[in-house]
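Each chain, written out:
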There are 2 protein chains.
Amino acid sequence: MRNSEPIERLIASFRNLPGVGYKTAERYAYYVIGAEIAEVEELAKNILSAKTEVKFCKECGGYTNKDVCQICSSRSGETICVVAEPKDISVMEKVKNYNGLYHVLGGTLSPLENRGPDDLRIKELLSRIQKLGTKEVIMATNPDVEGDATAMYIARLLSPLGIKVTRIAQGVSMGTDLEYADEVTLSKALEARQVISNG
Amino acid sequence: MRNSEPIERLIASFRNLPGVGYKTAERYAYYVIGAEIAEVEELAKNILSAKTEVKFCKECGGYTNKDVCQICSSRSGETICVVAEPKDISVMEKVKNYNGLYHVLGGTLSPLENRGPDDLRIKELLSRIQKLGTKEVIMATNPDVEGDATAMYIARLLSPLGIKVTRIAQGVSMGTDLEYADEVTLSKALEARQVISNG
């Protein structure tokens, strides 16, 4: 043990954070020891409050500290963007020109992990669509096998109800080099090609 | 604000950690919210204990949760390795074949930051050397201008006392920080230490 016990314990705790190895955890621990006590108490308090105060929005299933989240209580339900996890809402919110609602499934369909339709918040999605008079559902699950399967499943489910279901486009991402794109991505990008001039 | 208030507050706290930007802080925050409550309480507790229980060793000035640290209370004082900061002890301890003591200066001489000899734990070093009958002092301050100047200053100071003062070899590349050096480099640097005053 290179450090005294309280330091090693803190390093072990920090190592649980995603992507944090021993060296990074040790840097964080030394930072904590060197920081002002007020800042350290604030950090500990904020960790506990985030865990205890944050709950799931009764409507969309996203994270909130109220019963109904900020987004659900301020936007119209014409469009609902369906995501797998609560954190995906924050990712999609970076797109400034989307002003619709969200719906968190709580995962994707996964035969391997024994997760079927009943394990996802699909019934809740159906009742929200009916209540809100939703016209379009945008499937924003991850662009992988499970995300695609989940999107197709929900599309088939909503089809008889006359709801338009769309899927976020899959293609080469902005700023990357074509050279490094994989074949599946390139194939999908080609399939979903857009007319830029009709000649 | 993309996230609810408790989450944004936690993100702001995490961003104080060294090298952590918004995106990383947000990942940590979502991890905390999704983790088991016991683990989160453990993290918060360990942060507070590290800050409150860890103090400076009365002898070497390194971090410890006792009056005198594990190293000072178990090793002989024939050799003392002088470092700038408490965290540097853990870095040097990666070199498995060093079995001497340490002494933390609490910084380096820096005219720019108005830090002179009286601001460093130099008097404490002198009295430890006399008390312990130390034969060699290894200067392991960072391989930069301030670190070198501090090493030279202490070498000149100890020369009349007949103490051998060595400097870790500049196998560690100029301008980098000790904290980021790998074990092999550190081990070689220690092995190839050069006499800067024979006392």
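Predicted model only: the values in this text are computed from it and were never measured.

Rules used in this analysis
Residues numbered from 1 in each chain as written. Chains lettered and ligands numbered in written order. Predicted model: local features only at pLDDT ≥ 70, side-chain atom pairs only at ≥ 80, totals over all residues. Heavy atoms only, no water. Pairing = 2+ DSSP bridges. Helix = DSSP H or I, 4+ residues; strand = E, 2+ residues; numbered from the N terminus. Axes fitted to C-alpha atoms, helices over the stretch in contact; angles between N-to-C directions. Contact = heavy atoms within 4.5 Å. Phe/Tyr/Trp six-rings, centres within 6.5 Å; stacked < 30°, edge-to-face > 60°. Buried < 20%, exposed > 50% of the residue type's maximum accessible area, 1.4 Å probe, protein only. Parallel < 35°, antiparallel > 145°, perpendicular 65-115°, else oblique. Left-handed = near helix turned anticlockwise from the far one by under 90°. Nonpolar A, V, L, I, M, F, W, Y, C, P; charged D, E, K, R; others polar. Buried area = accessible area lost by both parts, 1.4 Å probe. Salt bridge = Lys/Arg side-chain N within 4 Å of Asp/Glu carboxyl O. Polar contact = N/O pair within 3.5 Å; in protein donor to acceptor, adjacent residues only side chain to side chain.

A few words now on the sheet that holds strand S6 (residues 164-167) of chain B. Residues and elements named next belong to chain B. Strand order in the open sheet made by the 5 strands is S4-S3-S5-S6-S7, with mixed pairing throughout. The sheet is open, and its two borders are formed by strand S4 (101-104) and strand S7 (194-197), each paired with just one other strand. With direction set aside, neighbouring strand axes in the sheet form an average angle of 30°. Most of the contacts of helix H6 (residues 145-158) go to S6, to which it runs at about 170°, and overall it touches strand S5 (136-139), S6 and S7.

All names here are of chain A. Here 4 strands make up an open sheet; going across it, the order is S4-S3-S5-S6 and the pairing parallel. Looking at which strands have only one partner, the edges of the open sheet turn out to be strand S4 (101-104) and strand S6 (164-167). Strand after strand, the sheet turns through a mean of 25° between neighbouring axes, direction not considered. In this sheet, S4 lies alongside strand S3 (residues 79-83) in parallel orientation, the contact comprising 4 bridges. Paired with Cys81 across the two strands is Tyr102, which belongs to S4. Of the strands in this sheet, S3, S4 and strand S5 (136-139) are in contact with helix H5 (residues 122-132), which crosses S4 at around 160°. Along the sheet, helix H6 (residues 145-158) contacts S5 and S6; its crossing angle with S6, the most-contacted strand, is approximately 170°.

Going through the model one piece at a time under the given rule, you end up with 9 aromatic pairs over all chains. Judged by centre distance (5.6 Å) and plane angle (85°), the rings of Phe14 of chain A and Tyr28 of chain A are edge-to-face. Note that Phe14 of chain A is positioned in helix H1 (residues 5-14) and Tyr28 of chain A in helix H2 (residues 22-34), a separation of 14 residues in sequence. Side by side, Phe14 of chain A and Tyr28 of chain A carry an identical accessibility label, which is buried. With 6.1 Å between their ring centres and 70° between their planes, Tyr28 of chain A and Tyr28 of chain B make a pair best called edge-to-face. Here Tyr28 of chain A is found in helix H2, whereas its partner Tyr28 of chain B is found in helix H2 (residues 22-34) on a different chain. Across this residue pair, the class does not change: Tyr28 of chain A and Tyr28 of chain B are buried.

Quick look at unusual backbone geometry now. Residue and element names in this part refer to chain A. Phi at Asn114 takes a positive value of approximately 60°, unusual for a residue other than glycine. Structurally, Asn114 is set in the loop between S4 and H5. What makes Asn114 exposed here is its relative accessible area of 69%.

Relative to each other, helix H3 (residues 37-53) of chain A and helix H1 (residues 5-14) of chain B sit at 150°, their axes nearing to 9 Å. In terms of their interaxial angle, H3 of chain A and H1 of chain B are classed as roughly antiparallel. Like other packed secondary-structure pairs, H3 of chain A and H1 of chain B cross with a definite hand, here left-handed. Of the residues in H1 of chain B, those in contact with Glu42, Leu43, Asn46, Ile47, Ser49, Ala50 and Glu53 of chain A of H3 of chain A are Pro6, Arg9, Leu10, Ser13 and Phe14 of chain B. Among the residues forming the contact of H3 of chain A with H1 of chain B, the class breakdown is 6 nonpolar, 3 polar and 3 charged.

Further remarks concern the interface of chain B and chain A. Contacts between chain B and chain A engage 51 residues on the former and 48 residues on the latter. Roughly 4,700 Å² is buried in total at the junction of chain B and chain A, and carbon and sulfur atoms are behind 68% of that figure. The largest per-residue losses of area from chain B upon contact with chain A belong to Arg2, Ile47 and Lys51 of chain B, which jointly make up 14% of the total buried on that side. Linking chain B with chain A are 2 salt bridges. At the boundary of chain B with chain A, the tally comes to 13 residue pairs in polar contact (both at pLDDT 80 or more). Among the secondary structure elements, those contributing two or more residues to the side of chain B that touches chain A are H1, H2, helix H3 (37-53), strand S2 (63-64) and helix H4 (87-92) of chain B. Here the element with the most residues in the side of chain B that touches chain A is H3 of chain B; it accounts for 15 residues. By residue class, the composition of the side of chain B that touches chain A is 24 nonpolar, 11 polar and 16 charged.

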